[in-house]
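Residue-level structural notes
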Amino acid sequence: MIRDSFKDLPEPARDLLAATGASSPYLRRLAEREADWLREALNAQPEATMQALLSDLPSEGADTLGIALRAAKRRGALLIALADLGGVWSLDEVTEALTRLADTAVEAALSTLLQIEIDRGKLPDFASGSSPSQAGLFVLAMGKMGASELNYSSDIDLIVLFDETRFSPENYADARRCFVRVAQKMVKLLGERTGDGYVFRTDLRLRPDPSSTPVVIATEAAERYYESLGRTWERAAFIKARACAGDIAAGEAFLERLSPFVWRRHLDYAAIEDAYDMLERIRNHKGLSGPISVPGHNVKLGRGGIREIEFFAQTRQLILGGRHRELRDRRTLPALEALSDGGWLDRDVTTLLSEAYRYLRTTEHRLQMLEDAQTHRLPSTDDAFARLADFCGAESVDALSGNLHRQFDTVHALTETFFAPDPKAEQSKPTIWQVFSDPDRAKDIIAGWRRIPALRTARARAIFRRLEPELLQRMEKAHDADEALRSLDGFLRKLPAGVQLFSMMDAHPPLMDLLVDICGTTEALARYLGDNAGVLDAVISPDFFAPLPQVQELFRDLDDVLDRAADYEAALAAARTWMRERHFRIGVHLLRGLSPTEEVAAAYSAVAEAVIDAVLPRVMRDFAERHGAPPGPPPAVLAMGKFGSGEMTVSSDLDLIIIYDADPQEMSDGKRPLSASAYYAKLTQSLISALTAPMPQGILYKVDMRLRPSGKQGPLATSLSAFRKYQREEAWTWEHLALTRARVVTGEPALRASIEAAIREVITGPYDPAKVLADVRDMRRRLADAHAKEAASPWTTKHGPGRMMDIELLAQTGALLHGVADERRPRRLVQALADLGWFDEKERAWLIASLNRLGAFQQVSRLASERTVDPASRGEGFVQLALRVTGAPDLDTLHETMVSEAGLCHAIITRKLAEP
């Protein structure tokens, strides 16, 4: 009896050893063999004992090290088991200790064997005595070892690579041969069974193309493989990859370079089907595809087992981790927590899966402790199952069996619906042809989808077969099913490929509702989606439908995105993608009525401000590489027009003035120095190029610099002193009117304050009312002549008597005449002027009501087209959107109201601008 062998120990320790030995022959044999060591170990804290085991290893001699590692493995296995069974360590502490033991063993074996090769002169370019940690050879821990989640009797999955740049080309082959010898000897040292046992069974088959590559390959070859041939299961494997031994810095650098392979920029919902197929292949290969039955069930690979939880977490990480770095955790339970914290997974699901994971991993450990067997299959005989129940501390065999069955059922129910296609989705198309005015035409359109590029692959067609009935069913909810189908057809035909998008919609059905909603409302937005389907990724974000963010939050987000870009060009491309996604979100908020049009206008303006604030510093850094740091502080950007007043639409240009504060003759200090005037002029050109240059992602914004001092004839950038002088002595009245909407959006605080003070000085005058009114009347006539054709449209919002520009011109005039320098938006200017008595209550109400209606109609119109549109020509969906934002019951009433309000406003404007 094991109790008799340890009579000198306290009763609790003897009870633990007796119970352990009665259930586990393997642990009983270890305790008997290591009795002297165990007595000392049980008198110390297990953490201290474990640390001593890992630290007390010889540094020289492979044979000596092999004996020491086997002893450390025996003692570590015994210590970890007793700390686990005695309730001293949690599951996390147990798996962490097992992983530390494996890490130490791999590092000791690798460094000792490599040091021997170096000292023998077998590693070229490295002198005898050189440190193995600097040789470029490293080991990646994969799977459970990489995640610090080793099970009790686990194999360790490793990939061994080396940095070929450490060696001259002529020595590359010799270096690789040396490293291959080291890796082969390491595997033998760790895995060979002797009278002292073994250390770890080691598997190197996760490396690229293991059937045709040596056990050690160069990082450059590995990167080429993953970039061109890497599969979804390999991406999933690298979620857990960790540099565990050798040249750790080289290993971490390799993993960083491989990051784009693992973490895709776009949401990768195609990974779901790949993961499900992989899981099914494993089950079928292992004969585990049958129903859940506890006796003989595989707790790892069987239905409802540990692997389903791991795949569930890893697949969601693959889908989302490219955009959300906080989800890139190697460990399963923290990954589930991060998914819940980010709103990607219900908290209840995380709780249930986490509880199941802990329960099943603990059961797995008990199974393996019985005989140190790498098994995951529950016993199939009554006696063996009863012994496991006793070892697990279950009240009875039935209690253990019932608990396991509940956990398997829970896991399978929660994960299978995420992975497996809905069998109902393979039904034939619903009979909804009656919703189309021309059913035969609708059938022809749908039949034509078989020939579009997005469906050219069998995989895309298979997924779309599941989606098609759902998409067509949703047509019934569209205001005009024919219009929605035509627009959907245009969207699908513009898609270059379909697997990713179709997989995403398959996994997230609300996307189909949104797509049909867009197709039934604005064809222009549907066409845009066809060219930029990647923006739909953003819809999956939990905060997509939350209130639109303010400029500081937008800036932080964009700045982080640009910081991760590889270079300047990549940053500009990333900014374009980011901007389009934010514009899409704003457009959906407008479409769905989640944000009022005034908030939408402010949101478009905030996005533009964030872009300027984030892109300008990067333009400056790129420019400074050639011409040095700027003379004086960084320039300020003065936003004008709708950008300045915060009233942009989706298609608004950026009206800008660039102002710097330096002596124009002061020189920069770069390789190609420039005077301040030339420096800032060229810098402004670089900024314009950064914003307007066509890239595959499009442009950021069109830029208009005509409001700068002296217009087209003036320099692109203006010094602060020149700006002040020009506004005091040379500027026309219309230029002072424009300053009433000017707003500094970026710049050093002192420079911003100086510009704002200069603008305030301009607006607060004093002015000759007669001259101002005469200039404005003349300006109004010129605008009417220039835009007569556009003003003739009954649906125009911007130009024409009593329309937006006319009302804004009046409000700006009032700002100059009354010195109102604290309001930028015309609607608020009107209110401020009413408070000063310049407008009576009726005038105020008419002007603001008209601006609100025109602004709302302009926002939705620009969502459909850059030109003035007749709502009726855009389909019933757009008509309903226009009526909703303007508050009109029908188009006739809207038209009559706009004409009537324009007449009233025209009369007010004419009266107010009359000669005093």
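Every chain's residues receive numbers from 1 upward, in the order its sequence appears when written. Residues qualify for local features only when their pLDDT is at least 70, as the model is predicted, and side-chain atom pairs are given and counted only at 80 or more; totals for whole chains, interfaces and linings, by contrast, use all residues. As a convention, hydrogens and water are excluded, and side-chain values are obtained from all of the structure's heavy atoms.

For helices the rule is a DSSP run of H or I covering at least 4 residues; for strands it is a run of E covering at least 2, with both sets numbered from the N terminus onward. Helix and strand content of the protein chain: 39 helices and 10 strands. Taken over the C-alpha atoms alone, the protein chain extends approximately 115 × 75 × 55 Å along its principal axes. Among the 916 residues that make up the protein chain, the fraction classed as buried is 55%. In what follows, a contact means two residues having at least one pair of non-hydrogen atoms within 4.5 Å. Pairs at least 24 apart in sequence give 74% of the contacts found in the protein chain among residues at least 6 apart. Values of accessible area rely on a 1.4 Å probe in the Shrake-Rupley scheme; residue burial ignores everything except the protein chains shown. Split by element, the accessible area of the protein chain, about 38,400 Å² in all, is 50% carbon and sulfur. Separation between the mean location of the 115 positive side-chain charges and that of the 131 negative ones in the protein chain comes to 3 Å. Relative accessibility decides the category of a residue: with a 1.4 Å probe and only protein chains considered, values under 20% of the type maximum give buried, values over 50% give exposed, and everything between is partly exposed. The charge count treats Lys and Arg as positive and Asp and Glu as negative. His and the chain ends do not count. By convention, the point assigned to a charge is CZ for Arg, NZ for Lys, CD for Glu and CG for Asp.

Bringing the environment of S686 into the picture now. Turning to its location among the elements, S686 is positioned in helix 29 (residues 676–692). Taking the C-alpha atoms as reference points, S686 and R328, separated by 358 residues in sequence, lie 36 Å from one another. Residues in contact with S686, not counting those within four places in the same chain, are V619, F623 and R626.

For the protein chain, per-residue confidence averages 88 on the pLDDT scale, and residues scoring 70 or more make up 94% of the total. Low pLDDT, under 50, characterises residues 421–430; the stretch is placed with 17 contacts to residues that sit more than four places away or in other chains. Per residue, pLDDT measures the predictor's confidence, with a range of 0 to 100.

A word on the packing of helix 35 (residues 804–818) against helix 39 (residues 891–912). Throughout, an axis means a line fitted to C-alpha atoms (over the contacting stretch in the case of helices), and angles, computed between N-to-C directions, take values from 0 to 180 degrees. Packing of helix 35 against helix 39 leaves a shortest axis separation of 10 Å and a crossing angle of 35°. Here helix 35 runs over helix 39; the crossing is left-handed. Facing D806, I807 and L810 of helix 35, the residues of helix 39 in contact are C905, H906, I908, I909 and K912. Under the convention adopted here, Pro, Cys and the residues Ala, Val, Leu, Ile, Met, Phe, Trp and Tyr are nonpolar, Asp, Glu, Lys and Arg are charged, and Gly plus all remaining residues are polar. Residue composition of the contact of helix 35 with helix 39, by class: 5 nonpolar, 1 polar and 2 charged. It is the rotation of the near helix from the far one that decides the hand of a crossing: anticlockwise by less than a right angle makes it left-handed, clockwise makes it right-handed.

Backbone torsion omega between G765 and P766 reads 15°, so that peptide bond is classified as cis. Tracing the sequence through the fold places P766 in the loop between helix 32 (749–763) and helix 33 (769–786). One non-glycine residue, D125, lies in the positive phi region at around 70°. Residue placement: D125 occurs in the loop between helix 7 (91–119) and strand 1 (137–141).

On to the pairing of strand 6 (residues 636–640), then. Counting buried positions over the 5 residues of strand 6 gives 5, a clear majority of the element. In strand 6, alternate side chains face the same way, and those of A636, L638 and M640 on one face and V637 and A639 on the other are all buried. Any two strands between which DSSP finds at least two bridges are classified as paired. Where strand 6 lies against strand 7 (residues 654–660), 5 bridges are found, and the strand directions are antiparallel. Bridging across to strand 7, A639 finds its partner in L656. Of the strand pairs in this sheet, strand 6 and strand 10 (residues 743–746) are connected by 3 bridges, and their pairing is antiparallel. Looking at the pairing, L638 lines up with V744 of strand 10.

Each patch is built from residues lacking any salt bridge and having more than 30% relative accessible area; the joining distance is 9 Å for like charges and 5 Å for nonpolar side chains (Val, Leu, Ile, Met, Phe, Trp, Tyr). Any Lys or Arg side-chain nitrogen located within 4 Å of an Asp or Glu carboxyl oxygen qualifies as a salt bridge. Together, E47, D92, E93 and E96 make up a region of like negative charge exposed at the surface. Examining the composition of the negative patch, we find that 3 residues originate from one element, helix 7, more than from any other. Along the chain, E93 turns up in helix 7.

Among the nonpolar cores identified, the biggest contains 151 residues, and W449, F502, F584 and V615 are the most heavily contacted of them. It is helix 27 (residues 597–627) that contributes the most residues to this core, 15 residues altogether. Beyond its immediate sequence surroundings of up to four residues, W449 is in contact with L455, F464, E468, L472, L485, L488, D489 and L492. By nonpolar core is meant a set of buried Ala, Val, Leu, Ile, Met, Phe, Trp, Tyr and Cys residues that side-chain atoms within 4.5 Å join together.

A few words now on the side chain of S340. Mapped onto the fold, S340 is located in helix 15 (residues 332–341). Polar contacts, as counted here, are pairs of nitrogen or oxygen atoms within 3.5 Å of one another; within protein the pair requires one atom able to donate a hydrogen and one able to accept it, and residues that are adjacent in sequence qualify only if both atoms are side-chain atoms. Engagement of the side chain of S340 in a polar contact is seen with the backbone oxygen of L345, the distance being 3.2 Å. Within the local environment of S340, its side chain forms a polar contact with the side chain of T350, the two groups lying 2.4 Å apart. With near-sequence residues (within four places) excluded, S340 lies in contact with L345, D346, R347 and T350.

Let us now look at the pairing of strand 7. Counted residue by residue, strand 7 has 7 buried out of 7 residues, so it is predominantly covered. Alternating positions in strand 7 separate into two faces, L654, L656, I658 and Y660 on one and D655, I657 and I659 on the other, with burial throughout. Note: strand 7 against strand 8 (residues 703–704), 2 bridges, orientation parallel. Its bridge partner being in strand 8, D655 is matched across the sheet by D704. Here, the term right-handed applies to a crossover whose path from the first strand over the helix to the second runs clockwise when the strands point away from the viewer. Where the polypeptide runs from strand 7 across helix 29 and back to strand 8, its parallel neighbour, the crossover connection is right-handed.

The next subject is the packing of aromatic side chains. Stacked, tilted and edge-to-face pairs are distinguished by plane angle, under 30 degrees for stacked and over 60 for edge-to-face with tilted covering the rest, among Phe, Tyr and Trp rings (Trp via its six-membered ring) whose centres lie within 6.5 Å. Taken as a whole, this structure holds 16 aromatic pairs when the rule is applied. Here the aromatic rings of Y679 and Y680 are separated by 5.5 Å at their centres, their planes lie at 70°, and the arrangement is edge-to-face. Residue Y679 shares its accessibility class with Y680, and that shared class is buried. Of the aromatic side chains, those joined through ring pairs into one cluster are F126, F162, F167, Y172 and F179. The ring of F200 has K73 lying over it, and the distance from NZ or CZ to the ring centre is 4.3 Å. We call a charge positioned above a ring when the Lys NZ or Arg CZ atom is no farther than 6 Å from the ring centre and deviates by at most 35 degrees from the ring normal.

This part covers the pattern of salt bridges. As enumerated under the stated definition, the model contains 53 salt bridges in all. For R74, the salt bridge is made with E34, and the minimal N-O distance between the two is 2.8 Å. Of this pair, R74 sits in helix 6 (residues 62–85) while E34 sits in the loop between helix 3 (25–33) and helix 4 (35–41); the two residues are 40 residues apart in sequence, bridging distant segments of the chain. Here the two residues R74 and E34 agree in accessibility, since each one is buried.

All right, on to the packing of helix 37 (residues 841–864) against helix 38 (residues 876–886) then. At a minimum axis separation of 8 Å, helix 37 and helix 38 run at an interaxial angle of 155°. As the angle between them shows, helix 37 and helix 38 are arranged roughly antiparallel. As for the relative orientation of helix 37 and helix 38, their crossing is right-handed in sense. Two secondary-structure elements touch here, helix 37 through R853, A856, F857, V860, S861 and A864 and helix 38 through F878, L881, A882, V885 and T886. Each angle is binned into one of four classes, with values under 35 degrees roughly parallel, values over 145 roughly antiparallel, values of 65 to 115 roughly perpendicular, and all other values oblique.

The next point concerns the environment of A77. Within the fold, A77 resides in helix 6. Its relative accessible area of 4% is what places A77 among the buried residues. In contact with A77, other than residues within four places in its own chain, are Y26, L27, L30 and Y152.

In this section: helix 29. What a helix is expected to span follows from its residue count: subtract one and scale by 1.5 Å. With 17 residues, helix 29 should reach 24 Å at 1.5 Å per residue; the first-to-last C-alpha distance of 24 Å fits that figure. What helix 29 keeps buried is the set A676, Y679, Y680, L683, T684, S686, L687, A690 and L691. The arc enclosing the buried residues of helix 29, seen along the axis, measures out at 160°, which places them on a common side. Next to the buried residues of helix 29 lie helix 26 (568–592), helix 27, strand 7, strand 8 and strand 9 (717–719). What the arc covers is the set of directions going from the helix axis to the C-beta atoms.

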